[in-house]
Amino acid sequence: MVTDKTTLVVNRDNCPLCKSKGRKILFSAKHNSPGFIDFIKFEAYYSDAFYKAFHNSAANELLYEIAECDDCHFIYLTEVLSDMGMGLLYNEWLDKEMLRVHYSKLPHIIYHEHMVSVLRKHFNKKQQPTLMDFGAGYGRFVEMSVQKGFKTFAFDIGADKNDFMDNMGVTIINNLSKHKNYFNVIWVNQVLEHVSDPLGIVKELTESLTDDGLIFIAMPDCTHVKKILEQKPLSQELFRLLSPHQHINAFTNNTLKLLGINSGLIPLSMVDFFKLYNFKLSPAELKFLVKKTIKNSGASTGLLFKKK
Ligand SMILES: [Zn+2]
């Protein structure tokens with residue numbers, strides 16, 4: 001039962017990427033202001049428990065406030081759920097059964113399968129390289145990783161998702177400190193737009209990466225978020241990029257690059273791909289890698305990084 005707003009939220013007073021305090025507020029509205037509930041309802045999978053909390057507790061006192069950092073131009077929500085609030089969100093406020101059905105109906109993602117193959121090829125001298133999917137969701141990616149011969153690990157905070165993966169041959173972990181310098185590949189897909197401290201997390205993940213390891217990070221591409229905010233505030237288009245509770249960081253390819261660099265990583269370039277793969281890739285595979293990990297691809301932006 002949520003009784004107190006201060007236990008539910010944390011305020012991000014500094015830029016989550018560069019720690020600068022200077023910022024412009026681009027938009028600000030309380031969750032309980034007139035009409036805001038219609039914006040919240042763009043999330044189709046809120047449970048009855050969420051609406052009960054919203055109408056009967058401090059959950060409706062949250063502030064939806066968008067800031068842009070003066071220094072690095074990262075765009076982020078200032079007031080976000082605390083760890084306790086995130087626990088509520090992912091374990092109670094979102095309808096798990098509806099989400100599970102939703103994810104099970106999504107088409108097989110071909111580009112993920114290509115990525116796993118290319119990454120497996122990179123580590124072809126190792127008998128069983130290690131891969132961790134950070135924020136593994138319902139295990140669609142780890143299934144492919146197991147099939148391609150990676151010793152596969154999954155990290156996720158949702159307890160129900162962990163049950164789901166138990167019998168896929170995947171080791172479920174919830175503590176990174178036991179796995180320093182351990183993973184050859186870390187996969188972080190559509191996760192860091194959700195977390196209050198993306199820099200802290202990527203620093204921790206970097207420590208878990210082997211010295212020759214690779215980390216792939218991808219999230220929604222928010223290049224046009226300011227334009228959408230000006231032209232269509234509180235629209236579904238805005239919701240897809242910055243939403244109450246869930247999408248709290250609006251990354252672009254540039255700010256993703258900065259996130260990696262500030263965490264002790266180096267983004268891979270075209271030259272790196274040639275060197276790393278030593279011409280082991282076919283032209284089609286190379287073209288694919290460049291398309292998916294150097295430029296933006298569709299609605300998502302992603303980069304492969306190595307350790308400094
Ligand atoms: Zn900044």
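Located above this text is the structure these notes cover.
All figures in this text were calculated on a predicted structure; none of them were measured in a lab.

Asks: Outline the overall build of the protein chain, listing residues and values.
Replies: For the protein chain, the helix and strand inventory stands at 14 helices and 14 strands. Each of the 308 residues in the protein chain was classed as buried or not, and the buried ones make up 37%. Across the protein chain, the fraction of contacts at a sequence separation of at least 24, relative to all contacts at a separation of at least 6, is 75%.

Asks: Account for unusual backbone geometry, naming residues and giving values.
Replies: Of note, the phi angle at Lys-19 is positive, near 70°, even though the residue is not glycine. Relative to the helices and strands, Lys-19 is located in the loop between strand 1 (9–11) and strand 2 (23–30). Backbone geometry places Leu-234, a non-glycine residue, at a positive phi of 55°. Mapped onto the elements, Leu-234 comes out in the loop between helix 10 (225–231) and helix 11 (236–241). Overall, Leu-234 belongs to the partly exposed group, with 17 C-beta atoms counted inside 10 Å.

Asks: Describe the packing of helix 9 (residues 198–208) against helix 12 (residues 253–262), and please don't skip the residues or the numbers.
Replies: Packing of helix 9 against helix 12 brings their axes to within 9 Å, and their N-to-C directions diverge by 50°. The orientation of helix 9 relative to helix 12 falls into the category oblique. Note on packing geometry: the crossing formed by helix 9 with helix 12 is right-handed. Seen from helix 9, the contacting residues are Pro-198, Leu-199 and Val-202; seen from helix 12, they are Leu-259, Gly-260 and Asn-262. Within the contact of helix 9 with helix 12, the residues separate by chemical class into 4 nonpolar, 2 polar and no charged.

Asks: Tell me about the pairing of strand 14 (residues 300–307), and name the residues and values.
Replies: Relative to strand 14, strand 10 (residues 209–220) is paired through 7 bridges, and the arrangement is antiparallel. For Pro-220, the partnering residue across the bridge sits in strand 14 and is Ser-300. As defined by bridge partners, strand 12 (residues 265–267) adjoins strand 14 across 3 bridges and the pair is classed as antiparallel. By the bridge assignment, Ile-266 is partnered in strand 14 with Lys-306.

Asks: So what's going on with the nonpolar core? Residues and values would help.
Replies: By size, the foremost hydrophobic cluster in this structure holds 72 residues, and its most contacted members are Phe-134, Val-185, Ile-186, Val-188, Ile-215, Ile-217 and Ala-250. The biggest single contributor to this core is strand 10, with 6 residues. Looking at which domains feed residues into this core, each of domain 1 (5–103) and domain 2 (107–221 + 242–307) supplies at least three. Apart from the residues within four sequence positions on either side, Phe-134 is in contact with Phe-155, Ile-186, Trp-187, Val-188, Val-191 and Leu-205.

Asks: Describe in detail helix 9, supporting the description with residues and values.
Replies: Side chains three or four residues apart in an α-helix point the same way, a direct result of the helix having 3.6 residues per turn. Residues of helix 9 that are buried: Pro-198, Val-202, Leu-205 and Ser-208. The buried side chains of helix 9 occupy one side of the element, clustering within an arc of 110° when seen end-on. In this fold, the buried residues of helix 9 make contact with strand 6 (130–134), strand 9 (183–189), strand 10, strand 11 (249–250) and helix 12.

Asks: Which residues make up helix 12, and what values do they have?
Replies: For helix 12, the full list of buried residues reads Thr-255, Leu-256, Leu-259 and Gly-260. Seen end-on, helix 12 carries its buried residues on one side only, within an arc spanning 145°. For helix 12, the elements touching its buried residues are helix 9, strand 10, strand 12 and strand 14. At the exit of helix 12 stands Gly-264, carrying a positive phi of roughly 90°.

Rules behind the numbers
Residues numbered from 1 in each chain as written. Predicted model: local features only at pLDDT ≥ 70, side-chain atom pairs only at ≥ 80, totals over all residues. Helix = DSSP H or I, 4+ residues; strand = E, 2+ residues; numbered from the N terminus. Buried ≥ 20, exposed ≤ 12 C-beta atoms within 10 Å, placed from the backbone. Contact = placed C-beta atoms within 7 Å. Axes fitted to C-alpha atoms, helices over the stretch in contact; angles between N-to-C directions. Parallel < 35°, antiparallel > 145°, perpendicular 65-115°, else oblique. Left-handed = near helix turned anticlockwise from the far one by under 90°. Nonpolar A, V, L, I, M, F, W, Y, C, P; charged D, E, K, R; others polar. Pairing = 2+ DSSP bridges. Core = buried A, V, L, I, M, F, W, Y, C linked by C-beta atoms within 7 Å. Domains from an automatic or database assignment. Arc of directions from axis to C-beta.

The values are spatial; any link to function lies outside them.
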